[in-house]
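Survey of secondary and tertiary structure
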Amino acid sequence: MMNFNFNISELVFVMPELFLLAAISSILLFDLYVKEEFKKYTYHLSQAALLVTGLLAFNLIGESATIFSGTFVLDTLGSTFKVFIAGFSIIALVYSRQYLSVHGLLRNEYFILALMSILGMLVMVSGHSLLTLYLGLEIMSLSLYALIATARDRAFAIEAALKYFVLGAIASGLLLYGMSMIYGITGNLDIAQIASFASLATLEPQETLILNFGLVFLVIGVAFKLGAVPFHMWVPDVYQGSPTSVTMFLSTVPKLAAVALLVRLLIDGLSDFQHYWADLFMILAVLSIAVGSLVALTQVNIKRMLAYSTISHIGFVLLGFVTGVLEGYGSAVFYVFAYILMSLAAFGSIIVLNRSGFEADQISDFKGLSKHSPWFALIMLVVMLSMAGVPPFIGFYSKLFILQQVVSEGYVILAVIAVIFAVISAYYYLQIIKTMYFDDADKEIVVSAPFDLKAVLSVNGVLILVIGLMPSYWMNLSVSLF
Amino acid sequence: MDSLLSILIWLPILGGGSVLLIGNDRGSLAKWTSAVISVLVFILSLNLFLDFDTSTSAMQFVEKASWISQFNIFYHLGVDGISMPLIILTTFSTILVIIAGWEVIQNRIADYMAAFLMMEGIIIGVFSAMDSMLYYVFWEASLIPMLLIIGVWGGQNRVYAAIKFFLYTFLGSVFMLVSLIYMYNLGGSFAISDMHALPLTLAQQSWIFWAFFLAFAVKVPMFPVHTWLPDAHVQAPTGGSVILAAIMLKMGGYGFFRFSLPITPDASSYFAFVVIVLSLIAIVYIGFVALVQKDMKKLIAYSSISHMGFVTLGVFALFSIMKMDSNGELISIAGASIESAYLGLEGAMIQMVSHGFISAAMFLVVGVLYDRLHSREISTYGGVVNSMPKFTGFAVLFAMANAGLPGTSGFVGEFMVILGALQANFWYAFLAAMTLIVGAAYTLWMVKRVFWGPVNNPEVNSLSDINAREFSILAILAVAVLWMGVYPQPVIEVMHVSIANLLEQALTTKIPGIL
Amino acid sequence: MLFGGWLDNSITIDASHQALAELKGHFYSAFALLTHSVVTPPFWMMVGGAVSAWVFCLYRPDWADQIQSRFKRTNYVLNSLYGFDRLNDIVFVKGSVKLGNLLWKISDMTLIDKVIVNGSAKLARYLGVLIRPVQTGYVYHYAFFMIVSLMLVLGWVLIASDFSFFS
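Because the structure is predicted, anything quoted here is derived from the model rather than measured.

**Observations concerning the overall build of chain C**
Across its full length, chain C carries seven helices and zero strands. Mapped from its N terminus to its C terminus, chain C presents α and β elements in the order α-α-α-α-α-α-α. For chain C, the residues scored as buried account for 14% of the 167 residues in total.

**Focus: the pattern of salt bridges**
This model, assessed by the stated rule, comprises 19 salt bridges over all chains. Between Asp440 of chain A and Lys371 of chain A there is a salt bridge, and its shortest N-O distance comes to 3.2 Å. Here Asp440 of chain A, found in the loop between helix H17 (412-437) and helix H18 (451-469), pairs with Lys371 of chain A, found in helix H14 (residues 369-372); they are 69 residues apart in sequence, far enough to count as distant. In this structure, Asp113 of chain C and Lys164 of chain B form a salt bridge, with 2.7 Å as the shortest nitrogen-oxygen distance. Within this pair, whereas Asp113 of chain C is found in helix H6 (residues 84-131), its partner Lys164 of chain B is found in helix H7 (residues 158-187), the two belonging to separate chains. For Lys164 of chain B, a relative accessible area of 7% translates into the label buried. Where salt bridges share partners, they join Glu159, Lys163, Asp237 and Arg304 of chain A into one cluster.

**Re the packing of aromatic side chains**
A ring pair, where both rings are aromatic, is described by two values, the distance of the centres and the angle of the planes. On inspection of all chains with the given rule, the structure shows 64 aromatic pairs over all chains. Aromatic side chains Tyr164 of chain A and Trp234 of chain A sit 4.7 Å apart centroid to centroid with 15° between the ring planes, which places their arrangement in the stacked category. Here Tyr164 of chain A is found in helix H6 (residues 155-186), whereas its partner Trp234 of chain A is found in helix H9 (residues 234-241), with 70 residues between them in sequence. Take Trp234 of chain A: its relative accessible area is 1%, and that puts it in the buried class. Both rings, one in Phe394 of chain B and one in Phe398 of chain B, keep their centres 6.3 Å apart while their planes meet at 15°; by these two values the pair is stacked. Of this pair, Phe394 of chain B and Phe398 of chain B both sit in helix H16 (residues 389-403), four residues apart, roughly one helical turn. Taking the relative accessible area as the measure of exposure, Phe394 of chain B reaches 12% and is therefore buried. With a relative accessible area of 0%, Phe398 of chain B lands in the buried category.

**Section: the packing of helix H5 (residues 132-141) of chain B against helix H11 (residues 238-263) of chain B**
All names here are of chain B. Following both chains from N to C, one finds H5 and H11 inclined at 170°, their axes separated by 13 Å at the closest point. Comparing their axes, H11 and H5 come out roughly antiparallel. For the pair H5 and H11, contact is made by Ser132, Tyr135 and Trp139 and by Met251, Gly252, Tyr254, Gly255 and Phe259, respectively. Across the contact of H5 with H11, the residue classes break down as five nonpolar, three polar and no charged.

**Structural notes on the domain arrangement of chain C**
When cut into domains, chain C gives domain 1 (23-79) and domain 2 (84-143). Placing the centre of domain 1 of chain C and that of domain 2 of chain C at their C-alpha centroids yields a distance of 62 Å.

**Concerning the side chain of Ser46 of chain A**
Turning to its location among the elements, Ser46 of chain A is positioned in helix H2 (residues 41-59). For Ser46 of chain A, a relative accessible area of 0% puts it in the buried group.

**A word on the interface of chain C and chain B**
Between chain C and chain B, the contact holds 18 residues from the first and 27 residues from the second. Viewed at the interface, chain B and chain C are joined by one salt bridge. Taken together, the residues of the side of chain C that touches chain B break down into 11 nonpolar, five polar and two charged.

**Some points on the interface of chain A and chain B**
In this complex, chain A contributes 40 residues to the contact, which on the side of chain B involves 33 residues. Here chain A and chain B share an interface that buries about 3200 Å² over both sides, 81% of which is from carbon and sulfur atoms. By the criterion of area lost to chain B, the three top residues of chain A are Val423, Leu430 and Phe438 of chain A, representing 21% of everything that side buries. On the surface where chain A and chain B come into contact, there are zero salt bridges. On the surface where chain A and chain B come into contact, there are seven residue pairs in polar contact (both at pLDDT 80 or more).

**A short note on the layout of surface pockets**
Over the atoms rolls a probe the size of a water molecule, and its path tells where empty space is left. Approximately 1600 Å³ is the volume attributed to the largest pocket. The wall of the largest pocket is formed by 46 residues, among which Leu378 and Leu465 of chain A together with Gly17, Leu20 and Met118 of chain B lie closest to the centre. Secondary-structure elements contributing two or more residues to the lining of the largest pocket are H14, helix H15 (374-388) and H18 of chain A together with helix H1 (4-22), helix H4 (109-128), H5 and helix H6 (143-153) of chain B. Ranked by residue count, the leading element in the lining of the largest pocket is H15 of chain A, at seven residues. Each pocket or cavity is described by its volume, and for the second largest pocket that value is around 970 Å³. Leu167 of chain B together with Val117, Asn118, Ser120 and Ala121 of chain C are the residues nearest the centre of the second largest pocket, which is lined by 32 residues in total. When contributions to the lining of the second largest pocket are tallied by element, the ones reaching two or more residues are H17 of chain A, H7 and helix H9 (202-219) of chain B together with H6 of chain C. Sort the elements by how many residues they give to the lining of the second largest pocket and H6 of chain C lands first, with 11 residues.

**Notes on the environment of Phe426 of chain B**
Along the polypeptide, Phe426 of chain B turns up in helix H18 (residues 426-451). A relative accessible area of 46% places Phe426 of chain B in the partly exposed class.

**Remarks on the confidence of the model for chain C**
Residue and element names in this part refer to chain C. Summing up the model confidence of chain C, the mean pLDDT is 76 and the portion of residues at 70 or higher is 78%. Put simply, helix H1 (residues 19-26) is where chain C has its lowest mean pLDDT, 54, and helix H7 (residues 139-160) is where it has its highest, 87. Confidence drops under a pLDDT of 50 for residues 1-5, and excluding neighbours within four residues, the segment shows nine contacts in the predicted structure.

**Digging into empty space enclosed by the protein**
Applying the stated criterion across every chain yields a total of seven cavities of 30 Å³ or more. Each pocket or cavity is described by its volume, and for the largest cavity that value is around 90 Å³. Ala388, Gly389, Phe396, Lys399, Leu403, Val419 and Ala422 of chain A together with Tyr136, Glu140, Phe170, Val174 and Leu177 of chain B are the residues that line the largest cavity. Of the residues contributing to the lining of the largest cavity, the split by class is nine nonpolar, one polar and two charged. As for the second largest cavity, its lining consists of Leu353, Arg355, Phe358, Asp365, Lys443, Glu444, Ile445 and Val446 of chain A. Residue composition of the lining of the second largest cavity, grouped by class: four nonpolar, no polar and four charged.

**Considerations on the environment of Phe71 of chain C**
All names here are of chain C. In this fold, Phe71 is placed in the loop between helix H4 (61-70) and helix H5 (72-79). With relative accessibility at 48%, the residue Phe71 sits in the partly exposed group. For the pair formed by Phe71 and Lys98, sequence separation is 27 residues and the distance between their alpha carbons is 37 Å.

**Looking at the nonpolar core**
Burial of nonpolar side chains together is a common tendency in soluble globular proteins. Core analysis: the biggest nonpolar cluster contains 431 residues, and Leu265, Trp277 and Phe321 of chain A have the highest contact counts within it. Here this core takes 21 residues from helix H14 (residues 338-373) of chain B, the largest share from any one element. Ignoring any residue separated from it by four or fewer positions in sequence, one finds Trp277 of chain A in contact with Leu215, Val219, Leu266, Ile267, Leu270, Ser271, Phe321 and Tyr329 of chain A. In terms of nonpolar packing, the next biggest core, distinct from the first, is built from seven residues, Phe13, Leu60, Ile67 and Leu74 of chain A among them.

**Description of the pairing of strand E1 (residues 60-68) of chain B**
Direction of pairing for E1 of chain B relative to strand E2 (residues 73-79) of chain B: antiparallel, over a ladder of six bridges. Bridge pairing links Ser66 of chain B to Phe74 of chain B in E2 of chain B.

**Considerations on H15 of chain A**
All names here are of chain A. End to end, H15 covers 21 Å across 15 residues, agreeing with the expected 21 Å (1.5 Å per residue, within 8%). In terms of burial, H15 is largely enclosed, as 12 of its 15 residues are buried. Within H15, the full set of buried residues consists of Phe376, Ala377, Ile379, Met380, Leu381, Val382, Val383, Met384, Leu385, Ser386, Met387 and Ala388. Following H15 by one or two positions, Gly389 adopts a phi angle in the positive range, close to 85°.

**A closer look at a nonpolar patch on the surface**
Residues and elements named next belong to chain C. Among the surface-exposed residues, Tyr76, Val77, Leu78, Tyr82, Phe84, Leu87, Ile90, Val91, Phe92 and Val93 lie close enough to one another that they form a single nonpolar patch of about 1000 Å² accessible area. Broken down by secondary-structure element, the contributors of at least two residues to the nonpolar patch are H5 and H6. Among the elements that line the nonpolar patch, the one with the most residues is H6, at six residues. Tracing the sequence through the fold places Phe92 in helix H6.

Cut-offs applied
Residues numbered from 1 in each chain as written. Chains lettered and ligands numbered in written order. Predicted model: local features only at pLDDT ≥ 70, side-chain atom pairs only at ≥ 80, totals over all residues. Heavy atoms only, no water. Helix = DSSP H or I, 4+ residues; strand = E, 2+ residues; numbered from the N terminus. Buried < 20%, exposed > 50% of the residue type's maximum accessible area, 1.4 Å probe, protein only. Salt bridge = Lys/Arg side-chain N within 4 Å of Asp/Glu carboxyl O. Phe/Tyr/Trp six-rings, centres within 6.5 Å; stacked < 30°, edge-to-face > 60°. Axes fitted to C-alpha atoms, helices over the stretch in contact; angles between N-to-C directions. Parallel < 35°, antiparallel > 145°, perpendicular 65-115°, else oblique. Contact = heavy atoms within 4.5 Å. Nonpolar A, V, L, I, M, F, W, Y, C, P; charged D, E, K, R; others polar. Domains from an automatic or database assignment. Buried area = accessible area lost by both parts, 1.4 Å probe. Polar contact = N/O pair within 3.5 Å; in protein donor to acceptor, adjacent residues only side chain to side chain. 1 Å grid on protein atoms, 1.4 Å probe; cavity = no way out; pocket = protein on both sides within 12 Å on 5 of 7 lines; lining within 4 Å. Points joined across faces, edges and corners; volume = space filled by probe spheres on them. pLDDT = per-residue confidence, 0-100. Core = buried A, V, L, I, M, F, W, Y, C linked by side-chain atoms within 4.5 Å. Pairing = 2+ DSSP bridges. Expected span 1.5 Å × (residues − 1). Patch = residues over 30% accessible without salt bridge, like charges linked within 9 Å, V, L, I, M, F, W, Y side chains within 5 Å. Areas by Shrake-Rupley, 256 points an atom, 1.4 Å probe, with all protein chains shown as cover.

Right under this line is the structure:
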């Protein structure tokens, strides 16, 4: 069995996680013991903690090590993902605070829970054993369930939290079941050992079959977290029911962690079974793109619409993994980055419309926005066009990258299906633009945005255009991770 | 100037951005800024014409910089005799549009001007991109300002028209994207010139041809994918209609010249008959449809489709006129003269430029009436000549040009295409020439009902004749229409060598093995 | 080069149809043509026309009225120019308008626009409406859906493996 040996010098490689854990604990204590008037600084401390975590992770880029007896891996992919997780979370928390404060939901547990789930993601990103991965996943998920339920006087939020919890538990159970099958066959929890076992040429048919079964369960666990059809049922309900700030958090950063889970389990671990899981992903991807695009057409709630739009974006991400080549994986990661950037800006624009006693979550709440506040309308316009895949915004290049990889691996039909549904989905993005630009306001619009939110949202929107004009660096970065 | 094309692209786009910043509250400043920028861009674009070397088919004013390195995508610009006239047409039309919107647009004036300026830059980008991905980016981006122009400043049914316009063209172009990516994976380059040289089997060419065809046919538009055009034109504000008809339709025609013929020559030849039939349907069928329109803008929109049919006819008639023999010499088929192939292609180009002038003029004419009585219905008017004699003079001139009267630009292009088509097949020419009858019928009938005859509507009597601003726009266009009609030589000279090169490319087989 | 002189050769004579050369053979002299004209029908028709004009307008104008009343039908046909104007009005003008309306309303607006263009948009929306009720909102439905999907995938893996593990 495994031989656990521990070397104090290895701690250097887990600095981001260690720091974040320490920060969470101290912020928790801080919040518990300081006077009421200082409690507002919990938010700032959380942001600072995230910033430092991100910097620490950034510092580790280029290092590579497998530590703690092979249960924890540090590589460029992991460190880069951690930097992005921290960075995107900072943006998300800026937007969240505004939403929470206008709706009287601003409690400091919110930030601590968010930090906790981010810690889970960091562990997941670096997990190199089935156990570490599962541990990270559960830290993340449990914090997220609680995060949704922080709006405890909203029935919809509680419903969403419960749904997410129950279904998430089933998915975790399935994932665990798959892990146990793989452990049973390979006798190992270590991803590297599993990989070397799976690459043996002398696998018995029975062994292959059970590995395959385990693989199916793993794929389902990952697909659930990503929200791919047919394991997407929780997505619209949870997105709609959760407070918008949580929806935003849920739809962005955890997707990156889920992609990391996918990479660790399936690419690092079972890449010899690539043609098996690629086939599964192909079905999931096509279904996701189709269902996401078609059902979103009929939505009037913008959070629900964005939920379906997420599902269809996830379909594109999976297409990148179908290709089975490193550039393909890189394209998927680039797509996730682009998607998160767009999704953050979209939810940021929704949050801007919220005010005390008014929950903006209908598409019609955007009516006449372009006259009232042209700048936010323009940002939303950019986001929607980008999501629809119209150049010169980042969403186009992420689709281009995926399609290029898909076509280069010979799946021209897949590319054609994807672009047809991209056109269909353009319709509902256009609906938002139409509502903002072509319709007149039928009720009062109040845009409430403190300076920090305004600044971050503007930068976020401009990035969608600027990275779109110069995507080269980011594409290179994404491919270099593999 | 080394970076003339970049300036032509980015000056209007950034200028549009600054006009946005000026804001709707300072409308007059926004208007003057836009006018200055558009005139400046036009003057700069004239340099393209003046410094143009007519003796070579190579790309000129070339700029190249690395853009997206992992896909070998370059920021690569250049013009030849085919794209240069279209760029000047673009800069020319933008000035007209900005002046035409001067007093008419009251609502969000700065946004309006900014949209047209950005549109100008983007379309110049389409015509000068030498890298297919750069081309595609500009091509798709051009939808955005037009979507907003139709949707924000359009008529009653603008939402439907704007979204239909966007989705129609978007659907058409995504297949082009897939085929561009496909060719990139074969040849490892997105450069258009590399795609020209890429050997492709007939099956590959056929798929690529149809993907391109869908994109370009929607834009041109050709029967049966033309139905977005009447809606878009009718709902768009006058300026939007002008840009749509004068320039955006040309993007489709340009696509056939730049992509379809040189990249898929064998498939183009193989399917030429289908395209010719569709063009003839457009010319005749749409002509009859135009005849019964009660809305002036719709009538002109349909007549646009009919006239653009000549472009595709002129392009694809080529394959019934010439072929390449086994020694690589161009020879004619069945006694047709080599010149008639040039006639078809150059006629198509002239027709694009001329249609740019005439359709712009026709839409402006309708715009002048619409600004006064807020009606596009033919039946609202009648006897306009009594109160607006100067205006009627211009209107009748443009109507004659639309009907293809010799001496106007409308005649030259159509006549050249018909002459070319005659060499290909008598019936092509016969059906195409039908338009001279039907076209005259619908145009003159409209003129008769709107400008002449009894005054049905008392308001018509109180119409004021065109002011200096309107007069100057229409006068400039009248000069352009007549100049192209009498002396098209400079335009033909500019494109001749490029056309010769294109002809060579279009008739050289790319099928490996036969090469 | 053709365009050195634009439309330079637009009037040329095909070598196989030398019409002018043919004419040249018949041309003798101006006087010969003059005398020859006296024996051709057009000359005598011209003379007939001049005489009848003189008779009906100057010599006996009342004959014209008498002839008109006696040959009413002929007069009608001649007066309405053998009906060519009406043919033009009814067949060409009204026919074109009818054809135009037919093409516009039936082919353009109904077949292409309503059926194909808006029809496909409707189809997409209809499919969306069709799939949407799957989202019932009940957790047990969702869980059931997940498990059924899992079963399907496992079954697919079994089938794809050709049951080779039995052997």
